[in-house]
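# Results of the structural survey
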Amino acid sequence: MLFSGIPFLYYFLPLTIALYLVTPKKLKNALLLVMSLVFYAWGEPKYVLLMAVSILMCYVFGLAIGRAREKGGRRAKLWLVLSCTVSVGLLAYFKYADFFLSSFNSVTGLDVPLLKIALPIGISFYTFQMLSYTIDVYRGKAQAQRNIVSLAAYVALFPQLIAGPIVRYTDIERELRDRRTTVEGAYLGARRFIIGLGKKVLLANTFGALTAACLDQGVGSVVTWWTYAMAFVLQVYFDFSGYSDMAIGLGRIFGFSFPENFNYPFISTGITEFWRRWHMTLGSWFRDYIYIPLGGNRCSKLKQLRNILIVWALTGLWHGAAWNFVVWGLIFAVMLVVEKYWLSSVLKRLPAAVCRVYVMLIVILSFVVFNAESLTAAFTQIGGMFGAGHIPFVNSLALYELRGYAVPLVIGAVGSTPAVKLLVERVKRGRVGAKIMLVAEPVALIALLVVCTAYLVDGSFNPFLYFRF
Amino acid sequence: MKKSILISLVAVISVWTALALCTFLPDKASYDAERRTLAQLPKLTATSVLNGSFMSAFETYTQDQFPLRDAFRSVKSFVALKLLRQNDNNGLYMVDGQIAKLDYPVNMDSLTYALARLNGVYQSCFADTNAKLYLAIVPDKGYYLAEANGYPAMDYDELIGTMCRGLPNARYIDLTDTLSKDSFYRTDPHCKQESFVESARALAVGMGADEDFSGEFERMTALTTFYGAYYGQLALPIAAEKLDYLTNAALDQCVTWNLETDVTGGLYDFDKLYSKDPYEFFLSGSAAFKTIENPSNDSGRELVVFRDSYGSSLVPLMAECYSKITVIDLRYISSTVLQSYLETTDNVDVLFLYSALLLNYSFSLK
């Protein structure tokens, strides 16, 4: 089920909130679990069982690791390895089997038939959440959860189930036991949700349409390909950060505090900073569960380099089972290494604006690779951005699309910076401004909800990019 | 502060809840503005849930049956076109009060398909006769509006050239100069009948049948509140327009006959004025096979027209010139079975009269 869909907004969510409010405290987790399973089954009826089995194994392994730790035995590690092998194995089978087989076929020239398994929605997200739980239990950072309903509610919690943020068990361990829904929390949650909905429906979908229009041009022009690349970067940003806003807002309504996932990444002055601001929960997951256990920075330069390459190849692969995703991850690995050992000192001396242009250039080019159907297509598209193939600098269709999307592009560019947030905060600080905002804010939120509903009723283009991950 | 938050929360939740509760209002069967039936609540079965068809059907149902759907679609259109200043909304744009549809580029596959169908008809029905073959293409609004206003337009020269080259036995009659942007209904893709007089004259002259073409018609109003097909699609508040028709003594006497329904009638069908598509007033709308007999013309001259909906209002104006006109819509009858219904004489003209819109999306031709 999509957050940005009529069934969720006007059937599922009101019903869930109403039931949640009348359900006794003891049963609230059970209610959230049931509703989360309904939410998941709406999009993937046959894979509910897979998720249930995964949760059951996570529960059993968590208990086994916890007990082994209490006894101080070595078996804890054994259970952890087994747990990780099963979780990663399921992910590898359902997400990567055909990728490995087709790569194997390409290298060997054999023709091993592909399995053609449909990707279970959200498997990358809930697998990582379960891994973090068992690893944290092993590390003693979390107590093994004895109540299977609470653990299942954590893994399957519908606000963050299928597209993150990647909430660690330790983030909401306390709230799973005891949480309160307050008027302030409900309002701030609803506000965050509606803003996220607006980002998704009004901006991401609009940029998605522009991206598609540019691709439809075929050969196009230099301007076409730059427009395409910039539109796609904005689409991904507003799609994913909008979804994260909606998830965080929903969590807040139900009394959870989910971690932030985006912090205005396009104002970064370096790629290192960019990844501290973009998909923050994934970056910190890889840092804490892969990079640091591999040795992190506390090893020889060669090993550091190896660690960075492993982490970023895996980051790329996490996003999709195709070589362009691996290359996309490795582009960032290279840039992070270059910044770490050489460029950071240069960037510090340059004006922030120049640094931001550099970051955006790398990000834009990398996301062309990210969205390409193949590496060949990626090279063709990047070539098009620099006039390869003797394409014209500009054509009438490119100008037409630019004219038609000029306002959304400007809104997107400004909206991806903290400018609006800072402005609102400044207005709120003044006595008159604060009074105006008392009325203006709920009115603006209602207007945004109505406009988003209007777009959804009209049945516009409405995919979620991160569902495939 | 807490009080203000409570008020804000109540305001937001009230609107949200009101909309949610409105979804329980009785469902509608059809929606006149969009001229289509609306999705109904799908049947809940184990199979439909397991294969996901219930969920996708339910999502369509909730969109279709959403309360105040009309108003919400207007809000979307207004935001897209007026606030975000986008070029079009769902492929429709508005220039000088005219709603037009983006239609570009030329779809060569579609032209090839259309040519195969039309050549097939010619070979099976007319190749061994003395029939004279003509081709006329009715340009769409885009021909007059798109390029001049900065919208992408199809290459009409390429479209016309391809059709002419693909039908070497047909003589092409150019209609582009007989129309203008004002020839069309503002809210519909079709031409107003009163704007088709010069097109009819050009056809009559082109086919050498103009000696009986008077060009003198009385203009009558059939409907004072006509909303065309684009009105509902664009969903912006636009004033209604009139639907007029042309007649004279000869046209009044014409008798039409529909092969499928075996119903006879006049050139204009007043019952259709209050149907979903009032444009069906002309020749009772689309029909596979229809004849028009003109008792005022005793020349014995016949015309066979292969047409789309644009022909509905144009062909009646040709009725003066012929004793009999056979009107065929290949979207509803297969070209392979046509021969058994056509009674061709030696004195027959054959006209392929298609709009640029249909030729560019011709896969509905049988």
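Everything numeric here is computed off the predicted structure, so don't read it as measured data.

Reading the values: the criteria
- Residues numbered from 1 in each chain as written.
- Chains lettered and ligands numbered in written order.
- Predicted model: local features only at pLDDT ≥ 70, side-chain atom pairs only at ≥ 80, totals over all residues.
- Heavy atoms only, no water.
- Helix = DSSP H or I, 4+ residues; strand = E, 2+ residues; numbered from the N terminus.
- Rg over C-alpha atoms; globule rule 2.2 N^0.38 Å.
- Contact = heavy atoms within 4.5 Å.
- Areas by Shrake-Rupley, 256 points an atom, 1.4 Å probe, with all protein chains shown as cover.
- Lys, Arg positive; Asp, Glu negative; His and termini not counted.
- Charge placed at Lys NZ, Arg CZ, Asp CG, Glu CD.
- Buried < 20%, exposed > 50% of the residue type's maximum accessible area, 1.4 Å probe, protein only.
- Pairing = 2+ DSSP bridges.
- Buried area = accessible area lost by both parts, 1.4 Å probe.
- Salt bridge = Lys/Arg side-chain N within 4 Å of Asp/Glu carboxyl O.
- Polar contact = N/O pair within 3.5 Å; in protein donor to acceptor, adjacent residues only side chain to side chain.
- 1 Å grid on protein atoms, 1.4 Å probe; cavity = no way out; pocket = protein on both sides within 12 Å on 5 of 7 lines; lining within 4 Å.
- Points joined across faces, edges and corners; volume = space filled by probe spheres on them.
- Nonpolar A, V, L, I, M, F, W, Y, C, P; charged D, E, K, R; others polar.
- Patch = residues over 30% accessible without salt bridge, like charges linked within 9 Å, V, L, I, M, F, W, Y side chains within 5 Å.
- Axes fitted to C-alpha atoms, helices over the stretch in contact; angles between N-to-C directions.
- Parallel < 35°, antiparallel > 145°, perpendicular 65-115°, else oblique.
- pLDDT = per-residue confidence, 0-100.
- Expected span 1.5 Å × (residues − 1).
- Bend = angle between axes of the 7 residues up to and from the residue.

## Overview of the overall build of chain A
- A tally of regular secondary structure across chain A gives 19 helices and zero strands.
- Against the globule reference of 23 Å for 469 residues, chain A gives a C-alpha radius of gyration of 23 Å, in line with a compact fold.
- Principal axes of the C-alpha set define a box for chain A whose edges measure 70 × 65 × 50 Å.
- Across chain A, contacts joining residues at least 24 apart in sequence account for 75% of those joining residues at least 6 apart.
- Only carbon and sulfur atoms are counted for the fraction: they give 67% of the accessible area of chain A, which is about 20,200 Å².
- The positive charge centre, built from 44 side chains, and the negative charge centre, built from 22, are 9 Å apart in chain A.

## Remarks on the pairing of strand 8 (residues 241-247) of chain B
Residues and elements named next belong to chain B.
- Of all seven residues making up strand 8, six are buried, and the element is well covered by its neighbours.
- Sheet topology note: the strand 7 (residues 218-226)/strand 8 ladder contains six bridges and is antiparallel. Counted as the bridge partner of Arg 219 is Leu 246 from strand 8.

## Looking at the interface of chain A and chain B
- Facing 41 residues of chain A, the contacting portion of chain B comprises 43 residues.
- Here chain A and chain B share an interface that buries about 3,900 Å² over both sides, 72% of which is from carbon and sulfur atoms.
- At the boundary of chain A and chain B, one finds two salt bridges.
- Between Lys76(B) and Asp458(A) there is a salt bridge whose closest N-O contact spans 3.2 Å.
- At the boundary of chain A with chain B, the tally comes to ten residue pairs in polar contact (both at pLDDT 80 or more).
- With twelve residues, the single largest contributor to the side of chain A that touches chain B is helix 19 (residues 431-457) of chain A.

## Let's talk about the layout of surface pockets
- Here the largest pocket is characterised by a volume of approximately 1,500 Å³.
- Along its surface, the largest pocket is lined by 45 residues, and Ile195(A), Lys199(A), Tyr264(A), Val420(A) and Lys421(A) are the ones closest to its centre.
- Listing elements by their share of the lining of the largest pocket, those giving two or more residues are helix 8 (183-216), helix 9 (222-253), helix 17 (406-415), helix 18 (419-429) and helix 19 of chain A together with helix 4 (69-83) of chain B.
- Take the lining of the largest pocket: its biggest share by element is nine residues, from helix 8 of chain A.
- For the lining of the largest pocket, the per-class residue count stands at 25 nonpolar, ten polar and ten charged.
- Of the pockets and cavities examined, the second largest pocket occupies roughly 920 Å³.
- Along the walls of the second largest pocket sit 35 residues, with Ala209(A), Ala213(A), Glu401(A), Tyr405(A) and Asp88(B) positioned nearest its centre.
- Looking at the lining of the second largest pocket, the elements that each hand over two or more residues are helix 8 and helix 16 (396-404) of chain A together with helix 4 of chain B.

## So, a negative patch on the surface
Residues and elements named next belong to chain B.
- Taken together, the side chains of Glu 147, Asp 155, Asp 157 and Glu 158 present a region of like negative charge at the surface.
- Position of Asp 155 among the secondary structure elements: in the loop between helix 6 (141-145) and helix 7 (156-166).
- For Asp 155, a relative accessible area of 40% translates into the label partly exposed.

## Some details on the side chain of His190(B)
All names here are of chain B.
- With respect to the helices and strands, the residue His 190 is situated in the loop between strand 6 (171-173) and helix 8 (197-206).
- Residue classification places His 190 among the buried residues on the basis of a relative accessible area of 8%.
- Of note is the side chain of His 190, whose polar atom sits 2.6 Å from the side chain of Asp 188.
- Non-local contacts of His 190, meaning those with residues more than four positions away in its chain, are made with Phe 184, Tyr 185, Tyr 279, Ser 309 and Tyr 310.

## Observations concerning the packing of helix 4 (residues 75-108) of chain A against helix 12 (residues 301-319) of chain A
Residues and elements named next belong to chain A.
- Viewed as axis vectors pointing N to C, helix 4 and helix 12 meet at an angle of 105°, and their least axial separation amounts to 11 Å. Overall, the two elements helix 4 and helix 12 adopt an arrangement that is roughly perpendicular. Packed against helix 4, whose contacting residues are Lys 95, Tyr 96 and Phe 99, the element helix 12 presents Leu 317, Trp 318 and His 319 at the interface.
- Considering only residue class, the contact of helix 4 with helix 12 consists of four nonpolar, one polar and one charged.

## Describing the confidence of the model for chain B
All names here are of chain B.
- Across chain B, the average pLDDT comes to 91, with 98% of residues at 70 or higher.
- Element-level pLDDT for chain B is lowest in strand 1 (residues 30-31), with a mean of 68, against a maximum mean of 97 in strand 6.
- The complex model carries a pTM of 0.88, and its ipTM stands at 0.87.

## Some words on unusual backbone geometry
- Cis geometry marks the peptide bond from Tyr104(B) to Pro105(B), where omega comes out at -15°.
- Tracing the sequence through the fold places Pro105(B) in the loop between strand 4 (98-101) and helix 5 (108-126).
- Look at Lys116(A): it is not a glycine, yet its phi comes out positive at around 50°.
- Among the structural elements, Lys116(A) can be located in the loop between helix 4 and helix 5 (123-139).

## What to know about the sheet that holds strand 5 (residues 132-138) of chain B
Residue and element names in this part refer to chain B.
- The strand order across the open sheet formed by eight strands is 6-5-14-12-13-11-9-10, and the pairing between neighbours is mixed. Edge strands, defined here as strands with exactly one partner in the open sheet, are strand 6 and strand 10 (263-265). Here the average twist between neighbouring strands, direction ignored, is 20°.
- The sheet contact formed by strand 12 (residues 302-307) and strand 13 (residues 324-328) spans five bridges and is parallel. Opposite Val 305, over in strand 13, you have Val 327 as the bridge partner.
- Sitting on the sheet, helix 5 touches strand 5, strand 12 and strand 14 (348-355), and the angle it makes with strand 14 is about 165°.

## Topic: helix 1 (residues 6-22) of chain A
Residue and element names in this part refer to chain A.
- Over its 17 residues, helix 1 runs 24 Å from end to end, which matches the ideal 24 Å to within 8%, given 1.5 Å per residue.
- The sharpest bend along helix 1 reaches about 35° and sits at Phe 12, with the proline Pro 14 one to four residues further on.
- Listed in full, the buried residues belonging to helix 1 are Ile 6, Pro 7, Phe 8, Leu 9, Tyr 10, Phe 12, Leu 13, Thr 16 and Tyr 20.

## Here's the deal with the side chain of Asn297(B)
Residue and element names in this part refer to chain B.
- With respect to the helices and strands, the residue Asn 297 is situated in the loop between strand 11 (289-293) and strand 12.
- Polar side-chain contacts of Asn 297 include one of 3.2 Å to the side chain of Asp 212.
- Once you skip the residues sitting within four places of it in the chain, Asn 297 turns out to touch Asp 212, Glu 320, Cys 321, Tyr 322 and Ser 323.

## Considerations on the environment of Arg165(B)
- Residue placement: Arg165(B) occurs in helix 7.
- For Arg165(B), a relative accessible area of 62% gives the class exposed.

## Concerning the pattern of salt bridges
- Within the structure shown, the criterion is met by 21 salt bridges over all chains.
- One salt bridge connects Arg146(A) with Glu70(A), and the closest N-O pair in it is separated by 3.6 Å. A residue pair is termed long-range when its members are at least 10 positions apart, and Arg146(A) in the loop between helix 5 and helix 6 (148-156) and Glu70(A) in helix 3 (residues 48-71) qualify at 76 residues.
- Its relative accessible area of 58% is what places Glu70(A) among the exposed residues.
- Arg331(B) is the salt-bridge partner of Asp329(B), the closest N and O atoms lying 2.8 Å from each other.

## Points about a nonpolar patch on the surface
Residues and elements named next belong to chain A.
- Side chains of Leu 302, Leu 305, Leu 309, Tyr 341 and Trp 342 sit close together on the surface and give an oily, nonpolar patch of about 530 Å² of accessible area.
- Counting only elements with at least two residues in the nonpolar patch, the list comes to helix 12 and helix 13 (323-349).
- Element by element, the count of residues in the nonpolar patch is highest for helix 12, at three residues.
- Looking at where Leu 309 falls in the secondary structure, it is placed in helix 12.

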